[in-house]
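So the chains spell out like this:
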Amino acid sequence: MTTTLIKAADLIVAWDSSTKAHTYLPDADMAFTDGTLTFVGRGYEGAADTVIDGSGLMVMPGLVNIHSHPSSEPLNKGFLDEIGSPGLYNSSLYEYMPIFRADAEAVPHCVRVALSELLLSGVTTLADLSMAHPGWLDLLAEAGMRVCIAPMFRSARWFTKNGHVVEYEWDEKAGEKAMEEALRLIERAEQHECGRLFGMVVPAQIDTCSAGLLKDSRAEAKARGVSWQVHAAQSVVEFHEITRRHGMTPIGWLDSMGLLGERAIIGHGIFLDDHPSTRWHTENDLARLADTGTTVAHCPTVFVRRGIAMKDLGRYIRRGVNMGIGTDTYPHNMLDEMRLAAHIARTQAGNPRTMTTTDLFNAATIGGATALGRDDIGRLAVGCKADFSLVDIAHPMMRPAYDPVRSLIYSAGDRAMKALYVDGNKVVEDGEVLTMDYRQAAEHLHEAQKRVIGRVPQQDWVHRSAEKIAPPTFHWS
């Protein structure tokens, strides 16, 4: 066993067990042994094999990202920034995203790019919602990150033939088989030699899964003691589809089947019954989420690109909904996502007091940990995992530092990140990922995007080119 001591840190964002809250602890020490925190406080007197000088550093708990798609989203950079289907309420889910997908060769590069960006922005635990792909578990282990693998499965695929009507092609047997394969993959992940992988059961979308698949998957999650997540209330199209099928809102339908509750996560949860874009005859959805202890995974960037926003994060928190933060799209920068979440909440509420940075930081740490059923991550306390970042508190963009976490989120961002540790192992140092070749993966991804762009006309319903769908900012001479 080896012990590492961070001695006399300028500041530790420590966990106060008496108040169950993060607290600023200046001039403090933190020690960890073989991946577990053994001391957080002042005046450490024990032995240490390695001592890190904490002067000029803020020690902060690792961020917990509960919703991301690393195997696909990095490839969309530059393509999906400004497009949404006008006939489908500006969503890009149905017309554009299915035609711009990474091929098998590109997937590992997508994953390395996404995970590198996440590590550089302070994420130590990630929920990876992906379709299963070869070498997935070993690739995640390579990153050195703590990962909740969430292999998605569904009963149907969606498509559009005209850009304004979404259709569904159903194969319920295939969905059941895919769920069985996902459950086996979760079991393999939990047995992986790295010891940092665990699982989540994820029926992909509420509108592509049969009632039976949703119920069976939730039962499997409960039996296995893991979390369960579904994309729901994520588009106006989906809201209308579910109300047409069942006469209930997406959240209402899930509640009617008993699927909400602790360890249940709603991916996005934007279009509730009282959202201005989907006004329904009830106003129960927010209360349903709060009263059942259901978590909402909030990922603002992918929606605000299309003029879509939750109404609003602060309102959910005040009602008692457990909130977590995710990076549903590129860039995979958790600090950027947090900053945008705060700004959009205040804009939508028309009120700068709708939420606090405390609320935001809680969502990105303990809110996510709660959703994943973990009390050993997202906080710095004895017995927790040694998952943390070292922030250069003397960085010019951190100054003045009246409130260092605010300075980090709203000003400095990942530029002030000095180092990142997962399970006591350093995985980032001075802006460089130590476990993967980020730059090489990005170059491979650049070439992969060219291949995918060439196939766009064959995938599009009217055979448009990528340039026609997403015109470049300037003409290429």
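Residues numbered from 1 in each chain as written. Predicted model: local features only at pLDDT ≥ 70, side-chain atom pairs only at ≥ 80, totals over all residues. Heavy atoms only, no water.

**Student:** Talk me through the pairing of strand E15 (residues 322–327); I want residue IDs and the actual numbers.
**Tutor:** Within a regular beta strand, the side chains point alternately toward one face of the sheet and then the other, so they alternate between its two faces. The element E15 is largely enclosed, with a buried count of five among its six residues. Relative to E15, strand E6 (residues 63–68) is paired through two bridges, and the arrangement is parallel. Across the sheet, Asn65 pairs through a bridge with Ile325, a residue of E15. In this sheet, E15 lies alongside strand E14 (residues 295–298) in parallel orientation, the contact comprising four bridges. Pairing of Val296 across the sheet is with Met323, part of E15. (Buried < 20%, exposed > 50% of the residue type's maximum accessible area, 1.4 Å probe, protein only. Helix = DSSP H or I, 4+ residues; strand = E, 2+ residues; numbered from the N terminus. Pairing = 2+ DSSP bridges.)

**Student:** Give me the lowdown on the UniProt feature "domain: Amidohydrolase-related" (unreviewed entry) in the protein chain, citing residues and values where you can.
**Tutor:** According to UniProt, the positions carrying the feature "domain: Amidohydrolase-related" (unreviewed entry) are residues 58–427. Between the C-alpha atoms that bound residues 58–427 the distance is 17 Å, and the span itself is 36% helix and 21% strand. (UniProt positions renumbered as here; feature names shortened; annotations may be inferred.)

**Student:** How would you summarise the pattern of salt bridges if you had to cite specific residues and measurements?
**Tutor:** Scanning the entire structure with this criterion turns up 28 salt bridges. A salt bridge links Asp285 to Arg288; the nearest nitrogen and oxygen atoms lie 2.8 Å apart. In this pair, Asp285 and Arg288 are both assigned in helix H7 (residues 285–292), three residues apart and thus about one turn of the helix distant. Taking the relative accessible area as the measure of exposure, Asp285 reaches 0% and is therefore buried. Look at Arg288 and you get partly exposed, because its relative accessible area is 22%. Here Asp291 makes a salt bridge to Arg319, at a shortest N to O gap of 3.2 Å. With Asp291 in helix H7 and Arg319 in helix H9 (residues 313–319), this pair connects stretches of sequence that are 28 residues apart. With relative accessibility at 58%, the residue Asp291 sits in the exposed group. (Salt bridge = Lys/Arg side-chain N within 4 Å of Asp/Glu carboxyl O.)

**Student:** Explain the pairing of strand E10 (residues 166–170) to me, and be specific about the residues and the numbers.
**Tutor:** Sheet analysis places strand E9 (residues 156–160) next to E10, joined by five bridges and oriented antiparallel. Within E10, the residue paired with Thr160 across the bridge is Val166. Two successive antiparallel strands, E9 and E10, enclose a turn made up of five residues, where Gly163 displays a positive phi of approximately 85 degrees.

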